Amino acid sequence: MSDILIVDDERDIRELISDILRDEGFSTRLAANSDQAVAELNAAEPALMILDIWLKDSKMDGIDILKQVKRNNPDVPVVIISGHGNIEIAVAAIKQGAYDFIEKPFNIDQLLVVIRRAMETARLRRENSTLKRGEARASEMLGNSAPFRRLREQLDKVAKSNGRVMLTGEPGAGKEIAARYVHAHSPRAREPFVTVPCATIEPDHMEEVLFGRETPERGIEPGLLEQAHGGVIYFDEVADMPLGTQPKILRVLTEQQFQRSGGTDKVRVDLRVISSTNRDLAAEIAAGRFRQELYDRLNVVPVPVPSLADRRDDIPMLAEHFIESFHAGQGLPLRALPEETCAALQAMNWPGNIRQLRNVIERVLILGDGTGPIQPAELETQNGGASTGEALALGPQITSLALREARELFEREYLLAQINRFGGNISRTAQFVGMERSALHRKLKSLGVVGGMRVEEELMGK
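Summarised in this report is the structure supplied together with it. (Residues numbered from 1 in each chain as written. Predicted model: local features only at pLDDT ≥ 70, side-chain atom pairs only at ≥ 80, totals over all residues. Heavy atoms only, no water.)

### Structural notes on the packing of helix H14 (residues 315-330) against helix H16 (residues 353-367)
Packed helix pairs are characterised by how far apart their axes lie and by the angle those axes make with each other.
Consideration 1: Here H14 crosses H16 at 50°, and the two axes come no closer than 10 Å. Judged by the angle between their axes, H14 and H16 are oblique. In the crossing of H14 with H16, the sense of the turn from one axis to the other is right-handed. Across the interface between the two elements, Ile315, Leu318, Ala319, Phe322, Ile323, Phe326 and Gln330 of H14 pack against Ile354, Leu357, Arg358, Ile361, Glu362 and Leu365 of H16.
Consideration 2: Classifying every residue of the contact of H14 with H16 by side-chain character gives ten nonpolar, one polar and two charged. (Axes fitted to C-alpha atoms, helices over the stretch in contact; angles between N-to-C directions. Helix = DSSP H or I, 4+ residues; strand = E, 2+ residues; numbered from the N terminus. Parallel < 35°, antiparallel > 145°, perpendicular 65-115°, else oblique. Left-handed = near helix turned anticlockwise from the far one by under 90°. Contact = heavy atoms within 4.5 Å. Nonpolar A, V, L, I, M, F, W, Y, C, P; charged D, E, K, R; others polar.)

### Here's the deal with the sheet that holds strand E14 (residues 301-304)
Consideration 1: Reading across the sheet, the five strands line up as E7-E10-E13-E6-E14 and stay open at both edges, with parallel pairing between neighbours. Only two strands of the sheet have a single neighbouring strand rather than two, namely strand E7 (193-197) and E14. Averaged over all neighbouring strand pairs, the angle between strand axes comes to 20°, with direction disregarded.
Consideration 2: In this sheet, E14 lies alongside strand E6 (residues 165-168) in parallel orientation, the contact comprising four bridges. Across the sheet, Val165 pairs through a bridge with Val301, a residue of E14.
Consideration 3: Strands in contact with helix H7 (residues 146-159) are E6, strand E13 (272-277) and E14; relative to E14, the strand with the most contacts, it is inclined by about 155°. (Pairing = 2+ DSSP bridges.)

Rendered as structure tokens:
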């Protein structure tokens, strides 16, 4: 969202700011007076508003408009500009909720920095507000497979302590849900859970976002560390934390205190730290992109989060949960999942893990026909035709084979898909395909399927 509303009675100023922002990739709307400004606000909420204090031939001045914006559109950051600036006007604007005050003639670079900071702050506030509203739901973990049960057992153990946890796993596997589960089942459950999205915060703004800042005009603006006091700070994709910020976070972990940007006082915090990554941090350390000391501090309790491929038994339960969730939250059809559709879901490749499964279910409910049971063909359409592989496509790879070779290729791919579906459990695979266990072993051996199977004994008896 990069739509900026510019309100100024001077046409040259409006158009100058608009041209500059458009060159920077923003979209803009212009208003010359209070009536036009209110009309634009009612038409669509902007991402940010640049507002002149003095507006000629207007029913309201800038402060009046600011009050209305903060009342009706509280999430919209407002940057005040004026050619008659003084400290009293700046203080009045800040007290009414303006993000910052810039005096004309302004420096373009300064204006761009303020705009980007304001939009980043607003985005983080919206994100944390959304996370807080959905905290109870987000901490819910669903599954009954052996890998999932082992994960939950580990999380239940670490939740009781105050140790730092490092969650590792593929993108979309549910690392943040695991972090929220730990928080929800810990003694800090009633305290804040604050996410630091390391991959999406601009490196130049990371320290200000984390530590907050102090200025004479705005006073104290707490950062995410301060907001998490007493609770949990979650470093999402910690490998993306800027190298220059890492030693400062290390010092916070050691001393449990820090200074705000521009401040002199020490701020003490009581935090539990949970981190996550989908990268090999040992390789990042070897490449000089991550500090060994910080890794040692964060990796007190390493917890691997299994991919969806490792817990295919949970796919039907997760899919049904998403269907019910979209029905309750968006009013989408409450459609049934027949056994053959569950089998198709379990046989598909899921490189995006639980996030990808959720997206596929949502698309099926939005774009699918009717309210009847979901059919396997709909899954292939909404998942880009993704399945267990391309070997069964009727292209040159299969049409150039003799019937016997084509049949062997089909049997091999079919049996591999079923083995994956049942998490490597040969007994359950044999039961589903209608073969004796020993006969299935012989068939797999004759087809050269040996190394691709998991050890069945690991899953049995769990």
